[in-house]
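# Geometric and topological summary
Here's the letter readout for the chains.
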Amino acid sequence: MALTSDGGRQATAALFAIALKGISKAFGPVQANRDINIEVLRGTIHGIIGENGAGKSTLMSILYGFYRADAGQIFINGQQTAITDSQSAIRAGIGMVFQHFKLVQNFTVLENVILGAEEGGLLKTSLSKARKVLTDLAREYELEVNPDALIEDLSVGHQQQVEILKALYRQADILILDEPTGVLTPAEADHLFRILKGLRDQGKTIILITHKLREIMETTDNVSVMRRGTMVGTVKTAETSPEELAELMVGRKVLLEVDKQPRVPGKVVLSVEHLGVRDGDGVERLKGVSFEIRAGEILGIAGVSGNGQSELLEALGGIARATGRISMNGVDLPVTGAAANGQTRRAAGIAHVPEDRQALGLIMDFAAWENVAFGYHHAPEYQKNALLMDNAAIRADTEAKMATFDVRPPIATLAAKNFSGGNQQKIVVAREIERNPDLLLIGQPTRGVDIGAIEYIHKQIVALRDAGKAILLVSVELDEIMSLSDRIAVMFDGRLMGLRDADTTNERELGLLMAGVEGAA
Amino acid sequence: MNKMPVWADVLLVPLISLLISFVISGLVILSIGESPIEAMNYMVTGALGSTYGWGYTLYYATNFMFTGLAVSVAFHASLFNIGCEGQATLGGLGVALVCLFVPWPHWSLALLGAVVAGAAFGAAWAALPAWLQAKRGSHIVITTIMFNFIAAALLNYLLVNVLRPEGNMDPATARFPEATNLPGLHQVFGLIGIPFSASTPANISFLIALACCGLVWVLLWHTRLGYQVRAFGKSEKAAVYAGINPVKITLCAMLISGALAGMMAVNTVQGEANRLLLNSVEGAGFIGIAVALMGRSHPVGVALAAILFGFLYQGGAELALWTKIPRELITVIQALVILFTGAMTDLVRKPLEYLFLMARRGGK
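Residues numbered from 1 in each chain as written. Chains lettered and ligands numbered in written order. Predicted model: local features only at pLDDT ≥ 70, side-chain atom pairs only at ≥ 80, totals over all residues.

### Topic: the overall build of chain A
Threshold: Numbering of helices and strands runs from the N terminus; a helix is a DSSP stretch of H or I covering at least four residues, while a strand is a stretch of E covering at least two. For the radius of gyration, the atom set is restricted to C-alpha positions; the globular benchmark scales as 2.2 Å times the number of residues to the power 0.38. Whether a residue is buried, exposed or partly exposed follows from its count of other C-beta atoms within 10 Å of its own C-beta, namely 20 or more, 12 or fewer, or something in between, respectively; the C-beta atoms are built from the backbone. Remark: residues whose backbone-derived C-beta atoms lie within 7 Å of one another are considered to be in contact.
Looking only at helices and strands, one finds 17 helices and 20 strands in chain A. Taken over C-alpha atoms, the radius of gyration comes to 25 Å for chain A, in line with the 24 Å a tight globule of 521 residues would show. A principal-axis box enclosing the C-alpha atoms of chain A has dimensions of 70 × 50 × 45 Å. In chain A, buried positions account for 45% of the 521 residues. Taking all contacts inside chain A whose residues are at least 6 apart in sequence as the whole, residues at least 24 apart take part in 67%.

Given below as structure tokens:
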């Protein structure tokens with residue numbers, strides 16, 4: 001498994017920036033990491049890939065001192081090192097960039113960089129030292145961030161660069177990035193990878209945790225695959241393929257491309273005219289959007305998150321008050337007032353898989369069966385009589401849905417929070433699709449969902465389309481939009497930038513539209 | 001993934017918290033030169049050593065069950081109803097009015113009427129804060145506290161100026177007619193052959209409180225309304241996604257909460273005093289918050305916690321009667337119990353979770 005036979009050279013331990021030997025960690029009955037061995041060559045970008053719940057984050061948390069391993073040793077640059085907390089990880093030269101940034105929004109870049117690494121009682125010395133270091137780093141690695149800008153004024157991509165600068169300022173030699181591209185545009189992601197390659201060429205070691213095979217293939221030198229708490233293998237990226245990695249991750253062959261027949265569009269199911277939404281501060285978030293979706297068709301909405309997609313889904317789902325017109329099967333639906341709510345939308349044949357399943361789609365403290373009734377708690381088959389709900393019937397229905405959608409573990413009484421992200425999503429998707437809606441609104445269907453579940457959810461969406469239903473798909477994953485949609489619209493700044501046929505458009509054109517470039521060819 | 005078994009969480013944690021509060025109470029008693037063992041002895045024998053003691057314990061427990069349930073129902077909707085004191089005060093007015101001005105032929109009908117009136121008046125007193133919260137976003141904690149003062153002032157005015165019989169000196173209504181007097185708990189227990197002291201205020205309302213525990217359980221876990229209340233309480237955003245109307249659920253939860261608080265008056269006003277006095281609630285509305293916290297907003301927990309606080313009330317009274325320990329110290333003991341079982345349970349829970357984790361690891 002170790003990469004020692006490189007050019008016949010005898011590898012010494014010091015060749016490895018990080019070597020983990022026999023790391024195990026259990027949370028109660030759950031074995032999150034089991035006898036993990038991994039060696040990361042110095043001066044490389046090392047990918048760690050695995051499904052949700054495979055134990056990647058646990059392993060990195062052990063490396064960064066958030067958890068202590070039950071067994072095993074950590075070697076940093078050949079030296080056995082005890083990492084008891086994040087301070088000792090930083091001392092050992094490890095820097096971490098989290099998926100959710102840990103920045104103080106109303107501090108400047110400079111203030112954030114020195115936060116926790118101040119020297120002396122007065123800030124002035126630290127600030128001027130940091131300013132100098134930042135200027136040097138900016139020159140060296142394309143990390144151009146204005147040191148005096150407030151974090152809240154920076155784009156997500158720049159905020160991430162501040163996180164990297166924070167780690168470098170603390171003299172990190174080994175940089176761990178946890179799912180870094182989830183919030184970036186394709187251009188921002190490319191920029192990030194250029195920075196990472198620059199850092200590597202300067203001798204830094206990068207560990208990249210991701211579930212996106214394409215990023216692994218494009219960026220890393222070596223890649224380790226985790227499955228169910230164990231390390232299933234480490235390979236050179238140049239000698240592997242996405243198919244092989246996917247198979248290693250899941251443990252079986254996986255279909256990466258969505259298999260779908262040409263569409264047979266029917267009558268117009270949903271027609272939207274001049275739909276507008278203002279947020280609580282009166283800011284216009286959705287600006288007069290018009291489109292229609294036919295039966296048997298998937299309309300994909302691409303775009304960087306925060307450009308009005310959420311408001312579009314919320315207006316259609318009866319959550320946000322809107323202006324304009326929504327017509328479903330030829331009947332106008334209320335867009336404002338008490339009648340515009342989730343119940344009337346469901347009655348009109350609209351099912352909604354929300355973008356944020358944990359905040360909207362599920363009650364995390366509720367059991368799976370209570371969540372299956374969520375939104376459909378008025379359904380006649382869930383009632384025992386006029387007064388009481390039929391909890392037993394809901395539980396039985398949940399068990400049936402769990403079997404159909406292969407939810408694991410298939411325990412109807414388990415709280416939603418105790419399922420993995422992919423299985424939580426399967427519960428939501430099962431609940432909405434099994435209602436056989438005329439229109440399915442589905443937002444970020446595979447965000448934080450593992451590859452095996454992604455394949456399954458995509459199949460379900462296509463099957464619903466083939467059954468003659470209309471589907472509105474909102475996703476920030478361009479690959480997902482391109483492989484599933486029949487037609488693609490791009491949202492930018494609350495507007496629809498263009499409607500393209502999926503067969504005739506390409507990533508470059510959509511990328512330009514996502515960046516707000518009008519009339520992209 | 002549960003860090004420790006459920007039984008440890010719902011039984012061990014409150015019991016250990018209780019033990020800690022008793023130990024500290026003991027130290028406080030020791031520090032004023034009294035014997036904690038003796039004090040404990042007076043409390044236990046005074047509250048639980050005779051059916052007389054039990055009668056008082058259950059009488060207080062009845063009040064706390066109603067207010068504890070009231071706070072719990074609001075808690076499930078993520079609403080903090082601090083206004084049970086005022087709602088119970090108004091409930092008392094409703095009970096007094098139907099007992100005084102309706103010629104009841106039999107106590108059972110009077111009881112029914114009083115329950116309905118107490119609930120209706122309590123609910124009505126919760127309605128305005130609920131509406132202000134649901135429609136205008138005025139915080140329910142602030143409005144319900146203010147309504148406690150308004151209720152006290154209103155009752156004061158009515159008792160002094162309107163309901164006080166001619167020539168009577170104290171601010172109270174006339175005695176209720178004989179036909180409205182409720183059977184004592186000794187009569188109820190007598191039916192099934194259990195001898196019980198006849199000289200306690202405990203009455204049939206205790207059974208109504210127990211029935212309410214059952215009804216609240218059914219409401220929360222077996223009806224659509226309860227489902228919606230719990231969903232709304234866990235996440236308002238998600239509730240809106242599911243098409244649950246926040247205004248309606250806020251109103252419903254608070255009306256039910258106020259009704260439960262108002263029904264407490266059946267026990268105190270109709271069951272014990274037989275007339276409406278000033279301050280007949282005596283802080284039970286606030287004790288209800290501690291009862292709900294300790295009982296984890298579950299009817300079974302509320303019933304048990306209510307009996308515990310009933311014990312503290314009655315035991316505390318006995319302590320003041322038989323020892324030199326001042327009455328105020330009883331409040332200190334009660335406060336310690338509230339502090340440890342309600343507000344600071346994590347003090348016990350966290351180490352206990354750690355112990356269970358260690359034990360599990362060691363056992364492997």
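Moving on from the coordinates now.
### What to know about the environment of Gly316(B)
All names here are of chain B. Along the polypeptide, Gly 316 turns up in helix α13 (residues 299-322). With 81 residues separating them along the chain, Gly 316 and Ser 235 place their C-alpha atoms 41 Å apart. When sequence neighbours within four positions are dropped, the list of residues in contact with Gly 316 reads Ile 330, Ile 333 and Gln 334.

### Notes on the domain arrangement of chain A
Worth spelling out the cut-off: The domain boundaries here were taken from an automatic or database domain assignment.
The domains assigned to chain A are domain 1 (1-93 + 174-248), domain 2 (101-172) and domain 3 (268-514). Summarising the inter-unit geometry, the C-alpha centres of domain 2 of chain A and domain 3 of chain A are found 39 Å apart.

### Structural notes on the interface of chain A and chain B
For clarity, the cut-off: Following the grouping adopted for this structure description, the nonpolar residues are Ala, Val, Leu, Ile, Met, Phe, Trp, Tyr, Cys and Pro, the charged ones are Asp, Glu, Lys and Arg, and the polar ones are all others, Gly among them.
Facing 27 residues of chain A, the contacting portion of chain B comprises 18 residues. Elements that contribute at least two residues to the side of chain A that touches chain B include exactly α10 (342-347) and α11 (357-361) of chain A. Class assignment of the residues belonging to the side of chain A that touches chain B gives a composition of 13 nonpolar, twelve polar and two charged.

### Examining helix α15 (residues 451-466) of chain A
Heads up, the rule is: In this analysis, the expected span of each helix is defined as 1.5 Å times one less than the number of residues it contains.
Helix length check: α15(A) (16 residues) gives 23 Å between terminal C-alpha atoms against 22 Å at 1.5 Å per residue, within 8%. Looking one or two residues beyond α15(A), the residue adopting positive phi is Gly468(A), at roughly 90°.

### With respect to unusual backbone geometry
For the peptide bond that leads from Arg408(A) to Pro409(A), omega is -10°, which places it in the cis range. Mapped onto the fold, Pro409(A) is located in the loop between α13 (391-404) and α14 (421-433). Of note, Asp35(A) is a non-glycine position whose phi angle comes to about 45°, a positive value. Even without glycine at this site, Glu282(B) takes up a positive phi of about 50°. The residue Glu282(B) is located in the loop between α11 (246-273) and α12 (284-294) in this model. Judged by the 15 C-beta atoms lying within 10 Å of it, Glu282(B) is partly exposed.

### Looking at the sheet that holds strand β18 (residues 470-474) of chain A
Residues and elements named next belong to chain A. Rule in force here: Here the rule is simple: two strands pair whenever DSSP picks up at least two bridges between them. Here an angle of 0 to 180 degrees is reported between the N-to-C directions of two axes, which are lines fitted to C-alpha atoms, with helices fitted over the stretch in contact.
One open sheet accounts for six strands, arranged β16-β17-β18-β13-β19-β20; its pairing is mixed. The open sheet has two edge strands, β16 (350-353) and β20 (495-501), and neither has a second partner. Neighbouring strand axes in the sheet, compared pairwise and without regard to direction, differ in orientation by 15° on average. Pairing of strand β17 (residues 439-443) with β18, which is carried by five bridges, proceeds in the parallel orientation. Across the sheet, Gly 443 pairs through a bridge with Val 474, a residue of β18. The strands that helix α17 (residues 507-514) touches are β13 (297-302), β19 (487-492) and β20; relative to β19, the one it contacts most, it runs at about 30°.

### Considerations on helix α4 (residues 123-141) of chain A
All names here are of chain A. Relative to the 27 Å expected for 19 residues at 1.5 Å per residue, α4 spans 26 Å between its end C-alpha atoms, a close match to the ideal helical length. Each element contacted by the buried residues of α4 is listed here: α3 (109-114), α5 (156-169) and α6 (186-201). At the C-terminal side of α4, Glu 142 shows a positive phi close to 65°.

### Some points on the packing of helix α4 (residues 84-101) of chain B against α12(B)
Residue and element names in this part refer to chain B. Filter applied, for reference: In this scheme, roughly parallel covers angles under 35 degrees and roughly antiparallel covers those over 145, while 65 to 115 is roughly perpendicular and the rest are oblique. Crossing handedness is defined as follows: a turn of the near helix away from the far one that is anticlockwise and smaller than a right angle gives a left-handed crossing, while the clockwise case is right-handed.
At a minimum axis separation of 7 Å, α4 and α12 run at an interaxial angle of 130°. In this view, α4 runs oblique relative to α12, as classed from their interaxial angle. Every pair of crossing elements has a handedness; the one defined by α4 and α12 is right-handed. On α12, the residues touching Cys 84, Glu 85 and Ala 88 of α4 are Ala 284, Gly 285, Phe 286 and Gly 288. Taken together, the residues of the contact of α4 with α12 break down into four nonpolar, two polar and one charged.

### Examining the pairing of strand β9 (residues 222-227) of chain A
Residue and element names in this part refer to chain A. The element β9 is extensively covered by neighbouring structure, given that five of its six residues are classed as buried. With five bridges joining them, strand β3 (residues 45-50) and β9 adopt parallel strand pairing. Looking across to β9, one finds that Ile 48 is bridged to Ser 224. Sheet analysis places β9 next to strand β10 (residues 230-236), joined by six bridges and oriented antiparallel. Within the sheet, the bridge partner assigned to Val 223 lies in β10 and is Val 235. The turn linking β9 back onto β10 is made up of two residues, and Arg 228 within it adopts a positive phi angle of 45°.

### Remarks on the sheet that holds strand β6 (residues 94-97) of chain A
Residue and element names in this part refer to chain A. Overall, mixed pairing links the six strands, which are arranged β6-β7-β8-β3-β9-β10 in an open sheet. The open sheet is flanked by β6 and β10, the only strands paired with a single partner. Strand-to-strand twist in this sheet, taken as the mean axis angle between neighbours without regard to direction, amounts to 20°. Contacts between helix α1 (residues 56-63) and the sheet are confined to β3, β6, β7 (174-178), β8 (205-210) and β9, with β7 contributing the most and set at about 145° to the helix. On the sheet, helix α8 (residues 242-250) packs against β3, β9 and β10 and is oriented at approximately 30° with respect to β9.

### Some words on the environment of Leu134(A)
All names here are of chain A. Looking at the element boundaries, Leu 134 is found in helix α4. Along the sequence, Leu 134 and Gly 318 sit 184 residues apart, while their C-alpha atoms lie 47 Å from each other. Setting aside anything within four residues of it in sequence, one finds Leu 134 in contact with Val 113, Pro 147 and Leu 165.

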